[in-house]
Amino acid sequence: MKWLLLSLILSSPVHALSIKGRVSSTQGCGDGKVMVWLSKIAEEFQQKELLMHTLVPLNGTYEFYVIPGQYRVEVSTEKGCEEHKNVFIVHKEARVDFVLKAKK
Amino acid sequence: MKYLFFILLFSSSTFAKFVADGCPMESVRTQGPQGFYCAPLYGLFPQPQTDCIVCLQMQLQRQQQMTAFNPWLMQMPFPMMPPQTPWWAQQGRMMYPNLQAPGAWQYPGMNPQPYPGNAPVFAAKPNVYVKNSSKTKTSFSMKFDLKESKSTFLATTPWLENNQWSGEIQGEEFRVDKVNYDYLFYDARMPHESMQFDAGWCINRADLVRSMAGELIQLGFSPLAMSDFYEHWDQKIPDEPVFCVYPQYNKELDAALPIQVKPAVPFLRVLFVLVPHRPDDKSQPVFPPLPRQSHFELRTKSIEGDLQFLEWGVAFLDHRLIK
C-alpha cells in the first residue's frame, strides 16, 4: 500500500496543487476575520510546522498552493471558535470549506 | 559634559560617516535619527558593556539613535504606532513553535523543501490596498502574468480565478464574489534575477519594522495599510540581531511578477527582502553583498490620482542562495 501511494506521489505532475475553500460561521463566532492556518503533518516532525496562514473575512475564500503530502488546515477566530481538517493531497485540488460554530 | 559629547560625536565619524551615495568597503548603510549613514556591520550588533573609549562612543551613538529615532514617526497617533499583540498571534504561539518565522525557516533563510516552485525569493504577504479618494464605485481586475515569469503562488486570499481577481471597488475596499476585503493578499516565490541587492540598509531587529514602516509612510501608504504592516511583521520576523533590507520597487517587481490592473490606475509596489546576520557570519558575504548604495533613486515616484493601488510585502531568501 505504501509503495502504491509513493508511486502515485512520484508519478504525479510537478505542478502546483492547492487546498482551497470558503470560511463562514454561524452565530456566536463574531463577525470579524478568521485566521486560516496551514501546517504540515509528517512523522519526522515532533510538532506541527506552520507553513502559511491568511486572514479571511467571513464568507471569504482562501487558497494554499502545496506539494503532495499530508496537511492540517485549522481555522480560528478572535472569539475562540476553531476547527480543523486533515487533508491528504496527491494530485487533485482539495476543497476544504469551514462553517464555524460557537462552542457550547 | 556637552563638550565631551560633541568630541565623542565628531570623533565617531571614523565609524559613522553620513553619505548620500555609496558606503566604502567594510561598512554598510544603516539608519539613525539624522537619516542614513555608513557604519561597520559589527557596530549594529548588541555590544557587551565595557569601559573602553571606542565602545563608549558606539554606545552613545546607539543610545542617540534609539531615543531620537524617527521622532516624526513617534509623534504619529495610532494606527501608525505598533499595536498590541494581535489575537491571532496569541493563539498561533500556542499552536505552532515556528509562529515567529515567516514559514519553514532554516537560518539564514527559508527552507524551500515544503513548498512548491523553485524561485528563491519567498515574498510573504504582499498585500494590495486601494486608495479611493473620490469614493466612487468602479469595477476592477488584477491579473497576474505567470507566462513570462518563474514565479509560483503559495497562497492567496481571495482565491484566484485564472490567475485573476476581479470585482468592484467600494470605498477603500475590494468586493470580490460578494465579500468585502480590506486588501488582496498573496504569497509567492519569485525569481531573484530581476531584483537588486546593492541598495538598502542594515539595522538591528528592534528598529527593523519601524524603519520599513518609515519607508512606507514616505511612499504614501494609508493608516490601515500601516497598521496591518505593524500587526503582521512585529510578529513574523525571526529573532536575529541584525537584518539587511533590500527594497524592491515597481521596476524589479514588475519584471519578477507582472500584474495587469484595470482600470489602468497608478499602482505602487514595494517589497522588502530581508537577510539576517549574526556576529559570527562572514564580514563580506558573497551573496547578497552588504547594502552600500542608497535606495532613494530606486524608489518609484510617488503616485497621484483619485484611485490608486498600493502593494507592500516582505520577503526572505531560500537559505541556499545566501553565501
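In this report, the structure presented in the accompanying data block is examined. (Residues numbered from 1 in each chain as written. Chains lettered and ligands numbered in written order. Predicted model: local features only at pLDDT ≥ 70, side-chain atom pairs only at ≥ 80, totals over all residues. Heavy atoms only, no water.)

**Structural notes on the overall build of chain A**
As a reminder, the rule being used: Numbering of helices and strands runs from the N terminus, with a helix taken as a DSSP run of H or I at least four residues long and a strand as a DSSP run of E at least two residues long. Only protein chains enter the accessibility calculation, which uses a 1.4 Å probe; a residue whose area is less than 20% of its type maximum is buried, one above 50% is exposed, and one in between is partly exposed. Pairs of residues are marked as contacts when any of their non-hydrogen atoms sit within 4.5 Å.
Per the secondary structure count, chain A includes one helix and eight strands. The helix and strand sequence of chain A, counted from the amino end, reads α-β-β-β-β-β-β-β-β. When the 104 residues of chain A are sorted by exposure, 46% land in the buried category. The contacts of chain A with a sequence gap of at least 6 include a subset with a gap of at least 24, amounting to 62%.

**Observations regarding the overall build of chain B**
Inclusion rule: What sets the accessible areas is the Shrake-Rupley method with a 1.4 Å probe; for residues, cover comes only from the shown protein chains.
The helix and strand inventory of chain B stands at seven helices and 16 strands. Here chain B holds 323 residues, and the buried ones make up 56% of them. For chain B, contacts bridging at least 24 residues in sequence account for 80% of all contacts bridging at least 6. Per element, the accessible surface of chain B, about 14,300 Å² overall, is 55% carbon and sulfur.

**So, the sheet that holds strand 10 (residues 179–181) of chain B**
All names here are of chain B. Which entries qualify depends on this criterion: Think of it this way: DSSP has to see at least two bridges between two strands before they count as a pair. A fitted line through C-alpha atoms represents every axis, and for helices the fit uses only the stretch in contact; the resulting angles, taken between N-to-C directions, go from 0 to 180 degrees.
What the five strands build is an open sheet, ordered 10-9-8-6-14; its pairing is antiparallel. Only two strands of the sheet have a single partner each, and these edge strands are strand 10 and strand 14 (259–262). The mean inter-strand angle of the sheet, taken between neighbouring strand axes irrespective of direction, is 30°.

**What about the packing of aromatic side chains?**
Stated precisely, the cut-off is as follows: Put simply, two rings from Phe, Tyr or Trp (the six-membered ring, in Trp's case) pair if the centres are within 6.5 Å, and we call them stacked under 30 degrees between planes, edge-to-face over 60, tilted for the rest. We call a charge positioned above a ring when the Lys NZ or Arg CZ atom is no farther than 6 Å from the ring centre and deviates by at most 35 degrees from the ring normal.
On inspection of all chains with the given rule, the structure shows 24 aromatic pairs over all chains. With 5.0 Å between their ring centres and 55° between their planes, B:Phe140 and B:Phe174 make a pair best called tilted. Taken together, the residues span a long stretch of sequence, with B:Phe140 in strand 6 (residues 138–144) and B:Phe174 in strand 9 (residues 173–176) at a distance of 34 residues. With a relative accessible area of 4%, B:Phe140 lands in the buried category. Joined through ring pairs, the aromatic side chains of B:Phe36, B:Tyr129, B:Tyr183, B:Trp201, B:Phe229, B:Phe272, B:Phe296 and B:Trp312 make up one cluster. Above the face of the A:Phe98 ring, A:Lys85 is positioned so that its terminal group lies 4.9 Å from the ring centre. The ring of B:Tyr107 carries B:Arg278 above its face, with NZ or CZ at 3.6 Å from the centroid.

**Some details on the pairing of strand 2 (residues 34–40) of chain A**
Residue and element names in this part refer to chain A. Counted residue by residue, strand 2 has seven buried out of seven residues, so it is predominantly covered. The two faces of strand 2 match: Val34, Val36, Leu38 and Lys40 on one face and Met35, Trp37 and Ser39 on the other face are all buried. Strand direction decides the pairing type here: strand 2 and strand 3 (residues 49–56), joined by seven bridges, are antiparallel. By the bridge assignment, Leu38 is partnered in strand 3 with Met52. With seven bridges joining them, strand 2 and strand 5 (residues 69–77) adopt antiparallel strand pairing. Along strand 5, the bridge assignment pairs Val34 with Thr77.

**Here's the deal with the state of the cysteines**
Residues and elements named next belong to chain A. What counts here: Disulfide assignment relies on a single distance test, namely cysteine sulfur atoms paired within 2.5 Å.
As enumerated under the stated definition, the model contains three disulfides over all chains in all. Across the disulfide, Cys29 is cross-linked to Cys81 (sulfur-sulfur distance 2.1 Å). Residues Cys29 and Cys81 share a disulfide whose torsion about the S-S bond is about -95°; that sign makes it left-handed. Of this pair, Cys29 sits in the loop between strand 1 (17–25) and strand 2 while Cys81 sits in the loop between strand 5 and strand 6 (82–89), and the two are 52 residues apart along the sequence.

**Topic: the nonpolar core**
Worth spelling out the cut-off: Residues grouped as a nonpolar core are buried Ala, Val, Leu, Ile, Met, Phe, Trp, Tyr and Cys residues, joined through side-chain atoms within 4.5 Å.
Among the nonpolar cores identified, the biggest contains 71 residues, and A:Ile19, A:Tyr62, B:Met212, B:Phe221, B:Phe229, B:Phe272 and B:Leu274 are the most heavily contacted of them. Tallying contributions element by element places helix 5 (residues 205–219) of chain B first for this core, with seven residues. Contacts of B:Phe221, omitting those with residues within four sequence positions, involve B:Lys131, B:Leu216, B:Met226, B:Leu268, B:Val270, B:Leu310, B:Glu311 and B:Trp312. Of all hydrophobic cores here, the second largest spans 47 residues; its members include B:Phe174, B:Val275, B:Ala315 and B:Ile322.

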